[in-house]
Amino acid sequence: MRTEEPRAVRLQDYAPPAFLIDEVTLEVELDPAATRVHARLKMRRNPDSKTPKAPLVLDGQKLVLHEVRIDGETLSANAYQADGEHLTIHEAPDAFTLETVTTCGPEANTALTGLYLSNGIYCTQCEAQGFRRITYYLDRPDVMAVFRTRIVADEKALPVLLSNGNLVKSGRLKGGKHFAEWHDPFPKPAYLFALVAGDLGHVEDKFVTASGREVTLRIFVERGNEDRCAYAMEALKRAMRWDEEVFGREYDLDIFMIVAVSAFNMGAMENKGLNIFNDKYVLARPDTATDADYAAIEAIIAHEYFHNWTGNRITCRDWFQLCLKEGLTVFRDQEFTSDMRSRPVKRIADVRLLRSHQFPEDQGPLAHPVRPESYIEINNFYTATVYEKGAELCRMIHTLAGPKRFRKGMDVYFERHDGHAATVEDFLDAISDGAGLDLAQFRRWYSQSGTPEVLVTGRYDAARETYTLKMTQVCAATPGQAIKDAYHIPIAVGLVGPDGKDMPLQLEGEEKPGGRTRVLSLTERTQSFRFRNVTEKPVPSLLRGFTAPVTLTANLKERDWVFLMAHDSDPFNRWEAAQRYSSGLLISMVEAVRTGGRRRRGVAFAEMVSNVLADKKIDPDFAAQMITLPGEQTIAQLIGKDVDVDAIHEAREALRASVAEEARDALTRAYERLRIDGPYSPEAAHAGRRALRNACLSYLAVAPGGDGVTLAARHFSEAGNMTNQIAGLTVLASIDCRERVEALDRFYGQWKGDHLVMDKWLAIQAMSSLPGTLGEVQRLLEHPAFTIRNPNKVRALIGNFATANQLRFHAADGAGYALVADKVLELDPLNPQVAARLLGAFKSWRQLEAGRRKLMSRQLQRIAGTEGISRDVFEIATKTLA
């Protein structure tokens, strides 16, 4: 049993650092077993510190300390104390230069934080607290310094030496070594430090800023992958131009670099001037990357670049303010993608992600505010709440202010806080002052956890020609927060008349209508909004564009959703109506499966599918969203308790087959019409056609009496790009047939030399609905294509099985739970951060029926009670059980 419980860090305990660091000079001599780091820190006492006589306490982990000097004088052993976490100097002057000489072991660093060596490439990951594994330092975001880094290494083995800022000097040294010296003139916290060294190829381009400065752009990759960087480079240039035009932000260094590596815990990292990426978000070619890969590359390249201002130039005061850089930057990258591609489709994708990942977080034992109040391990708070819900908070402010006023607020934020470590309050004050917006009540969104529910009733008064919307907001208790104050919730609404057209909206007290979509501010527990001059009974279109991260319960009937599904002018709400109708239908079918009752066939949904496919004016990508049924996990979340995963799967498969049968002709015509015979393009128009065609394929493959296997096999074999090849293979993977085995073998034979494509091969098999999937996953754990030391492999195989295969992970005998728990414990000593993320698959265990609840709880207790587990895994396991 575990006996030690880690201590929590609390927001209320924040205190300014006792010391500040103004300048950092690092000399790093790379060696696999013992990299030598000579650090010179120009330091001074912090005049704002509450402890003016405090000793100097530096953070450090996994370091061997060789020497400590202050102002050139070597300290005696009794002048300082070094342990596994800190270096404490008992007496320090008010201003001084501290020098330390340490060594660390990159080759043995399997956690992939700090400095590590993988596939012959030295790489760093310092967010959140990795820099302390490189040298002793005040490793906190409110300590910002100017860095100068000199890297020394073997020239033949490591010809490329990179760090933050601009290259100021390089040359050869004796003994076959060489050096490179980099200087970053902009103060930054240590978590933004980066170093990369290896035998890398690169592609180069130029970008001319709005003020006329020329910036060199370089993307570094493992040699042989240079031909897969073109799209990433173009995405980077689009992002740079967009940020100038939309937010007025120009790049500030002479060079911007991206390095793509195959062993990386996250998606990417925004280190100043030297972004380090998981290579799956850089490398793309039509035969190796899907349309989804291209879209993700564009979005993540933009996200990390946008951090240059929202994260780097202005960083967060402490890690409780993480949403300040991440939520804001997610909002910015969402807007960028919306401008580059389809805004409705992007909004749908973002809400899908929010509902599938963040809503369950808000409703479970791991619920926390967008700005958390405490943590045990900060790596566990890179969550959907901080990122996705944090972005929704920025979007609500944007909705309330409007684009022009929001931009004014952002201008004030940049002007006030450039070069500083800011707080949520700093951000909200700047936006409020610049936009002229009262955000006093809105601040509650940052401190209260949980997903508010808005209950809406509509009442039409024909005699007075009024329509009244009564809205009530409630928010359930969450861990540590039993009672919630009322939120400020912006809710966009429209009224759709019997002719299917939007009515002009004139609120009581107004002299004339104010448009056909209005944003109402719900600020009280209960409020009513009355519209005048409503000559016919309308159907309300509520929460248009999903203007707030809430759940909505309205007194609308099934026929109203069918009506909105056909007529709502707001694309998001038209899609939402289709989801509401089909979700209600599926929930009733699940109950029928469980009780043996009559199952419905979903004729209205099938009619909608046929009508959408026949309408050639509709964006194909949006049409693909419209005709896709809610996923099994979505239905489980909506049911909420005593979830029967087998009944959900059976009901959804039955409805898929029914829709395919009813709409077979329309599906077949669209499938043939949408074929693209020319060269592949990743741009939105072509990607949309492929998305809709592949959605049609998924229906046709299960149409009763058809030959879906032959169609899917032909789709796979004739594919001229990875998008279509994966679509065919995904369909076949869940059909027990000879063609499935042949396709998987052929795919492996074709792509076994490409690690990124092999991740797709692993993932497809992990997500198969076939009964033998658990056995296949166990077999693949021993396959040469898999290694538990690579996070991408873990996510592809184990992660997808646990989070994207509801049916087989939740097998009634608990074997899926046991497998994933075993892998969490195996992975934890190697990479605690990835192990803790994997354990997140257990977070909704209380929603399941009693038998599965007991089995999941048993595995969580086993993990929580294991002696020696990391803080990362301990925190997730114990909070999930709480």
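See above for the structure.
Residues numbered from 1 in each chain as written. Predicted model: local features only at pLDDT ≥ 70, side-chain atom pairs only at ≥ 80, totals over all residues. Heavy atoms only, no water.

Thoughts on the overall build of the protein
Worth spelling out the cut-off: The helix count covers DSSP runs of H or I at least four residues long, the strand count covers runs of E at least two residues long, and both are numbered beginning at the N terminus. Radius of gyration means the value over C-alpha atoms here, while the globule rule gives 2.2 Å times the residue count to the 0.38 power. Buried, partly exposed and exposed residues are distinguished by accessible area as a fraction of the type maximum, computed with a 1.4 Å probe on protein chains only: under 20%, between the cut-offs, and over 50%, respectively. Only the protein chains shown count as cover for residues, and the accessible areas themselves come from Shrake-Rupley with a 1.4 Å probe. Just so you know, the count uses Lys and Arg for positive and Asp and Glu for negative, and it drops His and the chain ends. The location of each charge is read from NZ of Lys, CZ of Arg, CG of Asp or CD of Glu.
Scanning the protein from N- to C-terminus turns up 27 helices and 31 strands. Its C-alpha radius of gyration of 28 Å places the protein within 12% of the 29 Å reference for a compact globule of 882 residues. Each principal axis of the C-alpha distribution contributes one length, and for the protein these read about 90 × 70 × 60 Å. The proportion of buried residues among the 882 residues of the protein is 60%. Accessible surface, the protein: about 34100 Å² in total, of which carbon and sulfur atoms supply 49%. Across the protein, 111 positive and 118 negative side-chain charges occur, with their mean positions spaced 3 Å apart.

Describing the sheet that holds strand E30 (residues 539-542)
Adjacent strands of a sheet form backbone hydrogen bonds with each other and so pair up, either parallel or antiparallel. We apply this condition: Paired strands, as defined in this entry, are two strands with at least two bridges between them according to DSSP. Only the stretch in contact is used when fitting a helix axis, every axis being a line fitted to C-alpha atoms; angles between N-to-C directions are given from 0 to 180 degrees.
With antiparallel pairing, 3 strands are arranged side by side in an open sheet as E28-E27-E30. Two strands close off the open sheet at either side, each with one partner strand: strand E28 (518-522) and E30. For this sheet the average axis-to-axis angle between neighbouring strands, irrespective of direction, equals 35 degrees. Two elements, strand E27 (residues 489-496) and E28, share 5 bridges in a ladder whose sense is antiparallel.

Describing the side chain of Gln-506
Test applied: Whenever two N or O atoms come within 3.5 Å, that pair is a polar contact, provided that in protein one can donate a hydrogen and the other can accept it, and provided that, for residues adjacent in sequence, both atoms are side-chain atoms. Should any heavy atoms of two residues lie within 4.5 Å, those residues are counted as being in contact.
Locating Gln-506 in the fold gives a position in the loop between E27 and E28. Within the structure, the side chain of Gln-506 is placed 2.8 Å from the backbone oxygen of Glu-510, a separation counted as a polar contact. In terms of polar contacts, Gln-506 uses its side chain to reach the side chain of Asn-533, at 2.8 Å. Leaving out residues up to four positions away in the same chain, Gln-506 has contacts with Glu-511, Lys-512, Pro-513, Arg-530, Phe-531, Arg-532 and Asn-533.

Comments concerning the pairing of strand E9 (residues 95-104)
In terms of burial, E9 is a largely internal element, 8 of the 10 residues being buried. Taken together, the 10 bridges between strand E3 (residues 35-45) and E9 define a ladder with antiparallel strand orientation. Each bridged residue has a counterpart across the sheet, and for His-38 the counterpart in E9 is Val-101. Here strand E5 (residues 64-70) pairs with E9 via 6 bridges, running antiparallel. In the strand pairing of E9, Leu-65 is matched with Thr-102.

With respect to the pattern of salt bridges
Note the following rule: The term salt bridge refers to a side-chain nitrogen of Lys or Arg lying within 4 Å of a carboxyl oxygen of Asp or Glu.
Taken as a whole and assessed by the stated rule, the structure comprises 70 salt bridges. Measuring nitrogen to oxygen at the nearest pair gives 2.9 Å for the salt bridge that ties Arg-852 to Glu-849.

Some details on the packing of aromatic side chains
Centre distance and the angle of the planes are the two values used to describe a pair of aromatic rings. This is how it is decided: Stacked, tilted and edge-to-face are the three classes applied to pairs of Phe, Tyr and Trp rings, where Trp contributes its six-membered ring and a pair requires centres within 6.5 Å; stacked means planes under 30 degrees apart, edge-to-face means over 60, and tilted covers the rest.
Counted under the stated rule, the structure contains 33 aromatic pairs. Measuring from ring centre to ring centre gives 6.3 Å for Tyr-375 and Phe-381, while their planes differ by 55 degrees; the resulting arrangement is tilted. Note on Tyr-375: relative accessible area 8%, which makes it buried. Aromatic pair Phe-442 and Trp-445: ring centres 6.5 Å apart, planes at 40 degrees, arrangement tilted.

Quick notes on the sheet that holds strand E20 (residues 268-269)
Spatially, 5 strands are ordered E17-E18-E19-E21-E20 in an open sheet, and the strand pairing comes out mixed. Here the strands that pair on one side only, and so sit at the sheet edges, are strand E17 (200-208) and E20. Across 2 bridges, the pairing between E20 and strand E21 (residues 274-278) is antiparallel. Bridge pairing in E21 places Met-269 opposite Ile-276.

Quick word on the environment of Val-794
Looking at where Val-794 falls in the secondary structure, it is placed in helix H22 (residues 791-804). For the pair Val-794 and Val-834, spaced 40 residues apart in sequence, the C-alpha to C-alpha distance is 8.3 Å. For Val-794, the residues in contact, after removing those within four places along its chain, are Phe-786, Thr-787, Ile-788, Gly-799, Leu-827, Val-834 and Leu-838.

A few points about the environment of Glu-607
You can see Glu-607 is positioned in helix H11 (residues 603-614). Taking the C-alpha atoms as reference points, Glu-607 and Met-410, 197 residues apart in sequence, are found 46 Å from one another.

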